[in-house]
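# Overview (structure and organization)
Below are the chains, spelled out letter by letter.
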Amino acid sequence: SSGINAEYGVMVWNFKPQMRAYRFLGHKDAVMSLKFSPSGHLLASGSRDRTIRLWIPSVKGESTVFKAHTNTVRCVDFSADGQSLLSSSDDKSIKLWTVHRQKFQASLNGHVNWVKTAKFSSDGRLVGSGSDDKSLKLWDIASKECIHTFFEHSGFVNDVEFHPNGTCIASANSDCSVKLWDLRMNKLLQHYQAHGSTVNSVSFHPSGNFLLTASSDSTLKIMDLIEGRLFYTLHGHKGPATAAAFSSTGEYFASGGADEQVMVWKTNFKGDEPVSAPKPSKREHIHKFNGDSNVASLQPEGKEVSVLTQPKDCSAPDSEPVNVGPALFNLPANQTNQIDQQTNPDNNKDIFNNNAMTTPLEPQSIPPQLAATLEHMVGQLDVLTQTVSILEQRLTMTENKLKECLDNQQMISLQIKPND
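Bear in mind that the values here come from a model prediction, so they are computed numbers and not experimental data.

Looking now at the overall build of the chain. Helix and strand content of the chain: one helix and 30 strands. The long-range fraction of contacts in the chain, counting pairs at least 24 apart against all pairs at least 6 apart in sequence, stands at 47%. When the accessible area of the chain is evaluated, it comes to approximately 20,600 Å², of which 52% is carbon and sulfur surface.

Right under this line is the structure:
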């Protein structure tokens, strides 16, 4: 688990008993985003100091600095194979980096305002980005070109994430909505108006059946994507919930908020459940971390936790101190985290937009041969859609060049007048 500290540091907690919590210092301004590599051996951070740091999460706190952005780095993300790193910035650009060579690879330009988020698709072929220009863009990694833009947002796009099977992408928006977009048809698939304030973060459960959201209304919500309805509302943060994400296995999810708390929650629904009708299940708030680098062991709420070993002195390669500090942490007796279970569809009438779409993400049951045929057709349709988008862009460029040539020709003809 990792967190962002007000002292411009990165906090890393280890769930194993007697293991230390680490505070890594190196950034010169607030840290805005964190992401572990798929292997867990690297940790990327983006900061207001306009840099990206790639950390080795160990006691030494070694890091490499990436510099290319000219403004705040809002988001960082690894590709599924861990070979590439993505960053988005208030300089309106998205930049692509190679992890092992630690070199700048390409820049994706097209947004006209701050780029709040950029994420890889699971197959690494696409990048989705959200911006304060109220658009969600899809980029082709091979061509480094924008292949589609979703403009149907009435507010800023704060976060995006691809569905595990790659068929759709979710967006968290400042207009309090969460939207799912079908990437095969480039159309709105589902629309949730469940929060009372800005939605800051979205995260898919590995099964693809649930979507976790965090909002400035201080709540976390879990959407049942198969039924197309609100599944749970969770209260715990005393202020805006700024981030939330499922673990790679889906067994846990973590949330962070403006109350300087990082909370870890446990689920008991499994990724191998049928996609048709997942049953509601109780979620238990396990423990929370705060800015004082406290660490709690994975024990039920209300029980004492183990005392961790004392920190060791360590330093970063740039000779700046790295503070390492575990501490005994008892969960407050007066801290109650309510969990509202939304099991009655009638209770959700006032929550959802009347135009909400509840199209299932995938068929209930299809014969294997037909499924293979459909998958092949969808793949061909994806290729065709991308080809058409690229052709449209090239046609637009050709038209602009032709118009420029005609304008130049007209100016030349006006300058050259026949002799009387």
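Here the narrative resumes, following the displayed structure.
Before going further, it helps to examine the nonpolar core. A general feature of soluble globular proteins is that nonpolar side chains tend to end up buried together. Counting residues in each nonpolar core, the largest one holds 15 residues, and the members touching the most others are Val178, Leu180, Phe204, Leu211, Met223 and Leu225. Among the secondary structure elements, those contributing two or more residues to this core are strand S17 (168-173), strand S18 (178-182), strand S19 (187-192) and strand S20 (199-204). One finds Phe210, Tyr232, Ala244 and Trp265 within the second-largest nonpolar core, a separate group that totals 14 residues.

So, on to the sheet that holds strand S7 (residues 63-67). Sheet strands pair via backbone hydrogen bonds, and the direction of the pair is either parallel or antiparallel. Strand order in this open sheet of four strands is S4-S5-S6-S7, and the pairing throughout is antiparallel. A single partner strand is all that each edge strand has here, and the edge strands are strand S4 (31-36) and S7. Pairwise comparison of adjacent strand axes, ignoring direction, gives a mean angle of 20° for this sheet. In this structure, strand S6 (residues 51-55) lies alongside S7, joined through five bridges in antiparallel fashion. Pairing of isoleucine 52 across the sheet is with phenylalanine 66, part of S7.

Turning our attention to the side chain of serine 177. Mapped onto the elements, serine 177 comes out in the loop between S17 and S18. A polar side-chain atom of serine 177 sits 3.0 Å from a polar atom in the side chain of asparagine 173. Among the polar contacts listed, one links the side chain of serine 177 to the side chain of aspartate 175, at a separation of 2.6 Å. Residues in contact with serine 177, not counting those within four places in the same chain, are Ser171, Ala172, His191, Tyr192, Gln193 and Val199.

Our next topic: the pattern of salt bridges. Where charged atoms from two side chains of opposite charge approach closely, those side chains can pair. Scanning the model with the defined rule gives seven salt bridges in all. Arginine 125 is the partner of aspartate 123 in a salt bridge, and the nearest nitrogen-oxygen pair spans 2.9 Å. The partly exposed category is assigned to arginine 125, whose relative accessible area is 39%. Between aspartate 182 and arginine 184 there is a salt bridge, with the nearest N and O atoms lying 3.3 Å from each other. The buried category is assigned to aspartate 182, whose relative accessible area is 10%.

Mean pLDDT for the chain: 76, with 72% of residues reaching 70 or above. Of the regions scoring below 50 in pLDDT, residues 274-365 engages in 226 contacts with residues more than four places distant in sequence or in other chains.

Attention now goes to the environment of threonine 387. Structurally, threonine 387 is set in helix H1 (residues 368-415). What makes threonine 387 partly exposed here is its relative accessible area of 38%. Residues threonine 387 and isoleucine 147 lie 240 residues apart in sequence; the distance between their C-alpha atoms is 8.7 Å.

A few words on unusual backbone geometry. Even without glycine at this site, lysine 134 takes up a positive phi of about 65°. Checked against the element boundaries, lysine 134 lands in the loop between strand S13 (126-131) and strand S14 (136-140). Given a relative accessible area of 35%, lysine 134 falls into the partly exposed group. Backbone geometry at cysteine 176 places phi at a positive 75°, although glycine is not the residue there. You can see cysteine 176 is positioned in the loop between S17 and S18.

Overall, antiparallel pairing links the four strands, which are arranged S16-S17-S18-S19 in an open sheet. The open sheet has two free edges, formed respectively by strand S16 (157-162) and S19, since each of these has just one partner strand. Averaged over all pairs of adjacent strands, the angle between strand axes in this sheet comes to 20°, irrespective of strand direction. Where S16 and S17 come together, five bridges link them in antiparallel fashion. Of the residues in S17, the one forming a bridge with valine 157 is asparagine 173.

Position of threonine 213 relative to the elements: it lies in strand S21 (residues 210-215). By relative accessible area, threonine 213 is classed as buried at 0%. Polar contacts involving the side chain of threonine 213 include one to the side chain of histidine 195, which spans 2.7 Å. Those residues in contact with threonine 213 that lie beyond four places of it in its chain are Val178, His195, Val199, Ser201, Val202, Thr219, Leu220, Lys221 and Met223.

Scoring rules and cut-offs
- Residues numbered from 1 in each chain as written.
- Predicted model: local features only at pLDDT ≥ 70, side-chain atom pairs only at ≥ 80, totals over all residues.
- Heavy atoms only, no water.
- Helix = DSSP H or I, 4+ residues; strand = E, 2+ residues; numbered from the N terminus.
- Contact = heavy atoms within 4.5 Å.
- Areas by Shrake-Rupley, 256 points an atom, 1.4 Å probe, with all protein chains shown as cover.
- Core = buried A, V, L, I, M, F, W, Y, C linked by side-chain atoms within 4.5 Å.
- Buried < 20%, exposed > 50% of the residue type's maximum accessible area, 1.4 Å probe, protein only.
- Pairing = 2+ DSSP bridges.
- Axes fitted to C-alpha atoms, helices over the stretch in contact; angles between N-to-C directions.
- Polar contact = N/O pair within 3.5 Å; in protein donor to acceptor, adjacent residues only side chain to side chain.
- Salt bridge = Lys/Arg side-chain N within 4 Å of Asp/Glu carboxyl O.
- pLDDT = per-residue confidence, 0-100.

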